[in-house]
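Chain and residue survey
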Amino acid sequence: MSDLETTMGAAAGAPHDNSGGHASAAAAAQAQLKKVKKQKVLLMGKSGSGKSSMRSIIFSNYLARDTRRLGATIDIDLSHVKFLGNLTLNLWDCGGQEAFMENYLSQQRAHVFSNVGVLIYVFDIESRDVDRDLATYVNILSALVQYSREAQVFVLIHKMDLIQPQMREEVYNQRVSLVRKKTKEAVAIVRKQKPELLQQQQPPGTPGSTGPLSPSSSELDIDLQVFATSIWDQSLYKAWASIIHDLVPNLAVIETQLASLGVAIDADEILLFERTSFLVVSKWTSREGENNPYGDRFERMSNILKSWKHTCSKFTGTPRNAEQFSDFEYKMGPSFSLFVMKFTTNTYILVCIPPGEARFNSAKLNVAAARSWFKFLDGPVVPPSASSQMLAGGGGGAMGSYGGYGGYGAETGYGAPE
Ligand SMILES: Nc1nc2c(ncn2[C@@H]2O[C@H](COP(=O)(O)OP(=O)(O)OP(=O)(O)O)[C@@H](O)[C@H]2O)c(=O)[nH]1
Ligand SMILES: [Mg+2]
């Protein structure tokens, strides 16, 4: 295990790393680990398009069939979702009935569209009034660009299960090209309306501000990501994992640590899941593992594990949001072995390795031993002064530098709907 600790320590910038070049990298990594990130996420789209359904399945352990009981959202349903110890999503599920939409675009405009990190816009593929849906989308996007031009935009073409399988690709592609066209239109509208709109943005020089734009500036161009989704299959997990991926703090550190662990235990693949949603936070694949022909295996595993969790709940009589299992093993004869275990407070880890009992057992022990190097996933690390107190007389053990939930507490409820 000492080799593993050395590799992992270097990756995390652990306190016992004394080399000059590593020291600054370590300091940067440490500084990054201390941050708690809050992100305002707007979930918008026409009434009945499936926004609350998705949110309930991903974050509140609903089964797809339970969503039939959901009523229409009145105004804005605001929830604070703790995603890992150092990321909180302020999820604004905005009821999509026309009267509400008009209100967001007029009276509540600044309130709704300011400080947005991510907009998730949901289109119901079965909607009869596509033109009207697209017009609303353009209005919403214009308001977003006006108040939060750095926001990321994800469009979900939803309820794809209602389209015949052989038609899906064609229908989806048509809709995507329409959405892209309308996105450009929205950007053009905002460009035309400048510079008045720009005056309402953050003044130049404030952090995150890119300053005034020239009329020819391309900074308003939106990096749009579009996904085909349905609550009835794993596509939902693919889309939401992509949305979450860019928001996860310390991603570079997580990826480096995961790669070090993967190499140390000679794994084929490692996936790190958030414990409630089972969304993939990060993954590492060996060269051998990259030959795996199943490109959708990550979201499939999210879906399978979530279903497994629900099944455990059903047969043990425990609530669905309780922790349902700590360990899951699967040995596929001479092909591969796999285990999923509770990793840190906020995560599960899946490890896929070549077959062999000894290899399997030692990988499990090593993964358990590597836990302490991922403690930062459970909250910001304690400041260096407190950390050195913890280390006093201790000698730089793995746990020494991480302080669990330090400083992570009550929600401020930023921007609760009026
Ligand atoms: N077939 C199918 N039905 C879905 C899907 N997603 C959601 N639904 C159904 O669509 C209906 C409306 O879903 P909601 O999630 O309440 O819609 P909403 O977008 O939140 O609506 P508002 O709150 O009024 O804005 C529910 O009966 C869901 O079961 C899907 O992927 N496929
Ligand atoms: Mg709703």
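What counts and how
- Residues numbered from 1 in each chain as written.
- Chains lettered and ligands numbered in written order.
- Predicted model: local features only at pLDDT ≥ 70, side-chain atom pairs only at ≥ 80, totals over all residues.
- UniProt positions renumbered as here; feature names shortened; annotations may be inferred.
- Helix = DSSP H or I, 4+ residues; strand = E, 2+ residues; numbered from the N terminus.
- Buried ≥ 20, exposed ≤ 12 C-beta atoms within 10 Å, placed from the backbone.
- Contact = placed C-beta atoms within 7 Å.
- pLDDT = per-residue confidence, 0-100.
- Core = buried A, V, L, I, M, F, W, Y, C linked by C-beta atoms within 7 Å.
- Domains from an automatic or database assignment.
- Axes fitted to C-alpha atoms, helices over the stretch in contact; angles between N-to-C directions.
- Parallel < 35°, antiparallel > 145°, perpendicular 65-115°, else oblique.
- Pairing = 2+ DSSP bridges.
- Near = placed C-beta within 6 Å.
- Nonpolar A, V, L, I, M, F, W, Y, C, P; charged D, E, K, R; others polar.
- Left-handed = near helix turned anticlockwise from the far one by under 90°.

Looking up the protein chain in an unreviewed UniProt entry gives the name GTP-binding protein, with the organism given as Podospora australis. Recorded under Subcellular location (unreviewed entry), the UniProt text for the protein chain is reproduced unchanged: "Cytoplasm". For the protein chain, the Subunit (unreviewed entry) comment in UniProt is given as "Component of the GSE complex."

Some remarks on the overall build of the protein chain
Secondary structure summary: the protein chain contains 13 helices and 11 strands in total. Going through the 418 residues of the protein chain one by one, you find that 38% of them count as buried. Summarising the internal contacts of the protein chain: among those between residues at least 6 apart in sequence, 69% fall at separations of at least 24.

Thoughts on the confidence of the model for the protein chain
Residues of the protein chain with pLDDT of at least 70 account for 76%, and the chain-wide mean is 80. Under a pLDDT of 50 for its full length, residues 1–19 has, in the predicted model, 40 contacts with residues more than four places off or in other chains. Low pLDDT (under 50) marks residues 202–218, which in the prediction has 16 contacts with non-local residues, meaning those over four places away or in another chain.

Here's the deal with the nonpolar core
One finds Leu119, Ile120, Leu144, Ile270, Phe273, Leu279 and Leu350 to be the most contacted residues of the largest nonpolar core, which totals 87 residues. For this core, the element with the highest residue contribution is helix H6 (residues 130–147), accounting for 8 residues. In this structure, this core is formed jointly by two domains, domain 1 (2–33 + 250–401) and domain 2 (37–245), each of which donates at least three residues. Sequence-distant contacts of Leu350, that is, excluding residues within four places in its chain, are made with Ile270, Leu271, Phe273, Met301, Leu338 and Val340.

Quick notes on the packing of helix H9 (residues 235–245) against helix H11 (residues 297–316)
At a closest axis distance of 8 Å, the pairing of H9 and H11 adopts a crossing angle of 110 degrees. Taken together, the axes of H9 and H11 lie roughly perpendicular to each other. Contact residues: Tyr237, Lys238 and Ala241 in H9; Glu299, Ser302 and Asn303 in H11.

Thoughts on the pairing of strand S11 (residues 347–353)
Burial of S11 is extensive: 7 of the 7 residues sit out of reach of the surface. Covered by surrounding structure in S11 are Thr347, Ile349, Val351 and Ile353 together with Tyr348, Leu350 and Cys352, the residues of both alternating faces. Judged from the 6 bridges that link them, strand S7 (residues 269–274) and S11 form a sheet pairing that is antiparallel. Residue pairing in the sheet places Glu274 in a bridge with Thr347 of S11. Two strands pair when backbone bridges link them, and strand S10 (residues 336–342) and S11 are joined in this way by 6 bridges, in the antiparallel orientation. Bridge pairing in S11 links Val340 to Leu350.

Observations regarding the site of ligand 1
Taken together, 23 residues lie near ligand 1, and Gly50, Ser52, Ser53, Thr73 and Gly96 sit nearest. In terms of residues, the shell around ligand 1 owes the most to one element, helix H3 (residues 51–60), which gives 3 residues. Of the residues assigned to the shell around ligand 1, the class counts are 5 nonpolar, 14 polar and 4 charged.

Description of unusual backbone geometry
With a phi close to 55 degrees, Asn115 is a non-glycine residue in the positive phi region. Locating Asn115 in the fold gives a position in the loop between helix H5 (109–113) and strand S4 (118–124). Exposure remark for Asn115: the 17 C-beta atoms within 10 Å place this residue in the partly exposed category. Phi is positive for Asn250, which is not a glycine, with a value near 60 degrees. Within the secondary structure, Asn250 is located in the loop between H9 and helix H10 (251–264). Judged by C-beta crowding, with 25 C-beta atoms within 10 Å, Asn250 ranks as buried.

Side note on the packing of H6 against helix H7 (residues 168–193)
In the contact formed by H6 and H7, the axes pass within 9 Å of each other and the chain directions differ by 45 degrees. The orientation of H6 with respect to H7, classified from their angle, is oblique. The interaxial crossing formed by H6 with H7 has right-handed handedness. Listed contacts from H7 to Leu134, Tyr137, Val138, Leu141, Ser142, Val145 and Gln146 of H6 are Leu178, Lys182, Thr183, Glu185, Ala186, Val187, Ile189 and Val190. For the contact of H6 with H7, the per-class residue count stands at 10 nonpolar, 3 polar and 2 charged.

Quick word on the sheet that holds strand S1 (residues 37–45)
Overall, mixed pairing links the 6 strands, which are arranged S2-S3-S1-S4-S5-S6 in an open sheet. This sheet does not close on itself; its edge strands, each paired only once, are strand S2 (76–82) and strand S6 (224–228). Ignoring which end each strand starts from, the neighbouring axes of this sheet average 20 degrees apart. Where strand S5 (residues 152–158) meets S6, 5 bridges bridge the pair, whose relative direction is parallel. Residue pairing in the sheet places Val153 in a bridge with Leu224 of S6.

Some points on the sheet that holds S10
Across a sheet, strands are paired by hydrogen bonds formed along the backbone, either parallel or antiparallel in direction. Pairing within the open sheet is antiparallel, and its 5 strands lie in the order S8-S7-S11-S10-S9. Each edge of the sheet is formed by a strand with only one pairing partner; in this case those strands are strand S8 (280–285) and strand S9 (327–332). Geometrically, the sheet is characterised by an average inter-axis angle of 10 degrees between neighbouring strands, direction not taken into account. Of the strands in this sheet, S7, S8, S10 and S11 are in contact with H11, which crosses S7 at around 50 degrees. Seen against the sheet, helix H12 (residues 357–370) touches S10 and S11 and runs at an angle of roughly 150 degrees to S11.

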